[in-house]
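Chain residues, written in single-letter form:
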Amino acid sequence: MILWENLRMKPTTAINIILMSAMLAFSPLVCGSARDDSQSEPLSSPKQGYVLRGVIQPAVGAAVDNDVNDPNAFYQSNDTASSAQEITNPVTLSGYVNQPGSGPLGRSRGRGDTLDFYKVKLLAGQAVSLFIAGDGVRNDLDLALYSLEGQLLDMSSDLSRVESLVVETSGDYLIAVAAAAGASNYTLTLGQSLAVARHDMRLSATFMPGEAVVHFREELATTADGTWARAQAQGLTARSQQESEERNRLLRLNDWRAIQSSSHSACALPAVLPGASALVDANVEAKLETLCMVKSLNRDPDVASATLNYLRQPLFVPNDPLYRFQWHYPQINLPQAWDLTTGADTIVAVVDTGVVLGHPDLQGQLTTGYDFISSRANALDGDGIDPDPNDVGDRSNPNGSSSFHGTHVSGIVAAATNNQTGGAGVAFGAKIMPLRAVGKFGGSLYDIEQAMRYAAGLPNDSGTVPPRRADVVNLSLGSTASSSADRAVYARVRAAGVVIVAAAGNSANRTPLYPASYPEVISVSAVTIDKTLAPYSSFGPNIDVAAPGGNTATDVNGDGKPDGVLSTAANDANDTLAYDYLIWQGTSMATPHAAGVIALMKALAPNLTPDDIDNLLASGALTDDLGATGRDNQFGYGLLNANKAAIAAANNGGQPVDPVPVLTVNPTALNFGIASNQQSLTVFNGSVGDLTVNPPTEDSGGWLNIAPDTVNANGLGSYQVSVNRAGLADGVYSATLTFTSNVNTAEIKVIMQVASNLSVGTIGQQYVVLVNARTKQSVSTMAIRQPDGRYVYTLRGIPAGTYQIFAGSDLNNDFYICDAGESCGAYLTLDDPITIRVRRNRRNLDFVSGYTLNLADFQGMAAGGPGPVARRNGQKLITTD
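Structure report, in brief. Note that the coordinates shown come from a computational prediction; the quantities given were computed from them, not determined experimentally.

Reading the values: rules and limits
Residues numbered from 1 in each chain as written. Predicted model: local features only at pLDDT ≥ 70, side-chain atom pairs only at ≥ 80, totals over all residues. Heavy atoms only, no water. Helix = DSSP H or I, 4+ residues; strand = E, 2+ residues; numbered from the N terminus. Buried < 20%, exposed > 50% of the residue type's maximum accessible area, 1.4 Å probe, protein only. Contact = heavy atoms within 4.5 Å. Areas by Shrake-Rupley, 256 points an atom, 1.4 Å probe, with all protein chains shown as cover. Disulfide = S-S within 2.5 Å. Pairing = 2+ DSSP bridges. Axes fitted to C-alpha atoms, helices over the stretch in contact; angles between N-to-C directions. Salt bridge = Lys/Arg side-chain N within 4 Å of Asp/Glu carboxyl O. Left-handed = near helix turned anticlockwise from the far one by under 90°. Nonpolar A, V, L, I, M, F, W, Y, C, P; charged D, E, K, R; others polar. Core = buried A, V, L, I, M, F, W, Y, C linked by side-chain atoms within 4.5 Å. Phe/Tyr/Trp six-rings, centres within 6.5 Å; stacked < 30°, edge-to-face > 60°. Lys NZ or Arg CZ within 6 Å of the ring centre and 35° of its normal.

1. Focus: the overall build of the protein
Helix and strand counts for the protein come out as 12 helices and 45 strands. Residues classed as buried in the protein amount to 60% of the 881 residues present. A fraction of 74% describes how many contacts in the protein between residues 6 or more apart in sequence connect residues 24 or more apart. Entry remark: accessible area of the protein is about 31300 Å², with carbon and sulfur atoms responsible for 50%.

Have a look at this one:
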């Protein structure tokens, strides 16, 4: 839920509607439990100021580099193989490396910190991914995997912001992160079955050692003794071979050595570590030098392109490479529904911040829209209402960047699918009608009403209507304000045949939000990956249905990514628009799942009315029951089941189908890490029909146990899965749980680690920054280290006023917290930094801090980092009580 209320000038003449998303960019930042910040201690003297207390909890599986540039941070060198830092698996780790003289002033600026080594137990098939905060060129890092004996096994060395490797065999390894150029924060992730970046500049790739395919620029010499001039002298250019234009040419190592300006090696890492017992493998050394040659050529201004001379083999490449991170689609049985429909010939109106129209995963998915923001100051596009719904940005984030909330919501509804780009959309055969009604200050009630009327083909302030009205309207927004006149607009839109779906809210309480709480609207709460109510989700008597909203503070399935909702996004933090894919959380994310599923239903049965949808929902035909039997105040009529919904539509106005039962298990993988001992699995029928499930089996050899919790006679229900680490040696363990039925079989991958000498999680040196909600200036800063797995902070002498609380690390010592690659959090969450009123002492101001990940480079797109949130002071470490 994007509140950022302290950063928005509130219009006095309109009620603002605040967006309900959790915009975390792969950043695990949501509190594990919601609290009422009104809990307080007795009044203290105003002359002394007030006291604010709280606890910052590290995100699950977090870790931090032991030798960063911040001189306040804990220090222990991990620069060599012998001093390698031991880490857990899975893990999300933040770090910093730099070449001597590069980066901000700090502990490692002068001498450099060119290498970080980590010792870890890895399993076959796991991916090791490095997300680089720098640009990947001037500030370039490499990633390598070594044996404990010091032999280089694999290396990723591209000029990009993501490096990634896949582990071939299980065992103990050294992971090396090297500063090839400049300085940069980074985030290192380990997880189950991760996708790898599209780049194939890896030692393990199949290519001809000692050869590169090079294209020189057309007769361009940057200097008289530049690479092109030397290549010309060696007979390697078009001119030297009497050809009319440059083309790809084969360049061998000896050729490269001849045209280099110096004998300096471009390799940041060796084939064998110094002092290691391993012998040099001639093939590995040749492939390594080839990688370094290609990287060096790609840095050269006289070279248009250079690649390895790959040996191509027939390969299977997943069509949508990020779909494997979208756990939220199998959770509601979308793959089975897609066998029946993709939502063709339906329209979903998204009333939001507009849409970044140029996003590659939304091409061909949009229909005619409109911009209904009437205030120029709110619109930021220089005019009032107009026919251009492009999202120019709302500049609502603390660093001045924009949310692009509507782009994320739209991608969930109907991102292009099977296009070899990004992820999938719920109803990817449908069209999105982008309606811009939310700007810098939020969305006024009136502007949103006009967008609703337009979507329904009713008279509105634009003086026009769309060629065809929408079938569904998605409203991932809301406020506590309501009126009979406002409700009448939604009643009129519903009467026109439009189904309206809205977010219940992210306040973790029963306070009704509107329009979700109007009877004419379907109100959507949010669940996590394990089908529990999300910690931020609102609840109450107006909830109609639950859908995946995620929780970015967890990694239950162990894929190395936060358990939020992945969708299309954009970033303008550096004043240049970059297309992206981000993982957020919130009822804003749950709502488009519901809107998309209703579009699937309308594609099968176009004559279904809003009343028909309501009746089917109340009958249980569209959901799997959660919580108390029947309707309850947390999940409404249950968790949305796309397959059941599609079947219900087909059998109620469409072409009837004979459904087949489907054994479904949620989650599809379990991660116990180093501390968790018990988790839950739900086994259910993802369709309709008779399904009988046999008792599950496991192949752990004894450390994994599964027992029925609430299971019926057919084997459907909740199971408790537990691990027993007693007597096990330190290591990473994996196993498979297998469920068989009279229809199909489901396998659940389980990962667990025994690590007696590793901590549960740490995010390193933290700086707590209190920001004045009115002036946006830092009022108080406190530096703290982790005492016992938690970071306890106490801010004293705080004047009466309204504030927001942020916390984060400053690994690169640039005196700004929350840069890319640094931990970041806020009370209550980073997407929802609640403004607290200080009139007395405050306690229980607890929140989670974690790391940010961008997935744009998996697509080969440039994406900006999240940007700094607040400036910290340069004071010494403060002792906490």
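2. Thoughts on helix 8 (residues 445-455)
With 10 of 11 residues buried, helix 8 is to be regarded as a mostly interior element. Positive backbone phi, at 75 degrees, marks G457, one or two positions downstream of helix 8.

3. So, the state of the cysteines
According to the stated counting rule, one finds two disulfides in the structure shown. With a sulfur-sulfur separation of 1.8 Å, C267 is cross-linked through a disulfide to C292. With the S-S dihedral at roughly 120 degrees, the linkage between C267 and C292 falls on the right-handed side. Taken together, the positions of C267 in the loop between helix 2 (253-259) and helix 3 (282-299) and C292 in helix 3 put the pair 25 residues apart, joining distant regions of the chain.

4. Brief notes about the sheet that holds strand 31 (residues 678-685)
Taken in spatial order, the four strands line up as 29-31-34-33 in an open sheet, and their pairing is antiparallel. This sheet does not close on itself; its edge strands, each paired only once, are strand 29 (663-666) and strand 33 (704-711). Averaged over neighbouring strand pairs, the angle between their axes works out to 25 degrees when direction is ignored. Pairing of strand 31 with strand 34 (residues 717-723), which is carried by six bridges, proceeds in the antiparallel orientation. Note on strand 34: the bridge partner recorded for T682 is S718.

5. Here we look at the pattern of salt bridges
In this structure the tally under the stated criterion is 17 salt bridges. Here R257 makes a salt bridge to E289, at a shortest N to O gap of 2.8 Å. Note that R257 is positioned in helix 2 and E289 in helix 3, a separation of 32 residues in sequence. With its nearest N and O atoms 2.6 Å apart, the salt bridge here joins R494 to D611. Note that R494 is positioned in helix 9 (residues 484-495) and D611 in helix 11 (residues 610-619), a separation of 117 residues in sequence. For R494, a relative accessible area of 15% gives the class buried. In the salt-bridge network here, residues are joined through shared partners; they are D140, D142, K295 and R299.

6. A closer look at helix 7 (residues 405-414)
Of all 10 residues in helix 7, 10 are buried; the element is thus mostly enclosed. The set of residues buried in helix 7 consists of H405, G406, T407, H408, V409, S410, G411, I412, V413 and A414.

7. Remarks on the packing of helix 7 against helix 10 (residues 587-604)
With their axes 8 Å apart at the nearest point, helix 7 and helix 10 run at an angle of 35 degrees to one another. Seen along the crossing, helix 7 lies across helix 10 with a hand that is right-handed. Along its contact with helix 7, which presents H405, H408, V409, I412 and V413, the element helix 10 presents S588, M589, P592 and H593. In the contact of helix 7 with helix 10, the residues fall into five nonpolar, four polar and no charged.

8. Some details on the nonpolar core
The nonpolar side chains of a soluble globular protein tend to be buried with one another. Grouped together as the largest cluster of nonpolar side chains are 60 residues, with contacts concentrated most on L334, V524 and M601. Ignoring anything within four residues of it in the chain, the contact list for L334 reads Y329, V426, L600 and A642. If you look at the next biggest cluster of nonpolar residues, it comprises 37 residues, including L152, V214, W256 and L308.

9. Regarding the packing of aromatic side chains
According to the stated counting rule, one finds 13 aromatic pairs in the structure shown. By the ring-pair criterion, three or more aromatic residues cluster together here, those being Y323, Y329, W338 and F428. Its guanidinium or amino end placed over the ring of F207, K287 lies 4.7 Å from that ring's centre, counting from NZ or CZ.

10. Here we look at the sheet that holds strand 36 (residues 745-754)
Taken together, four strands build an open sheet; the order of strands is 30-36-35-32 and the sheet is mixed. In this open sheet, the two edge strands, each paired with only one partner strand, are strand 30 (669-671) and strand 32 (697-698). Bridge analysis of strand 30 against strand 36 gives three bridges, and the strand direction is parallel. In the sheet register, L670 faces strand 36, and the bridge partner there is V750.

11. Notes on unusual backbone geometry
Of note, the bond from N89 into P90 is cis; its omega dihedral lies within 30 degrees of zero at 0 degrees. Tracing the backbone shows P90 in the loop between strand 4 (85-86) and strand 5 (91-98). N666 connects to P667 through a cis peptide bond whose omega is -5 degrees. A positive phi is found at K776, a non-glycine position, where the angle reads about 65 degrees.

Interpretation note: all reported values are geometric properties and have no functional meaning in isolation.
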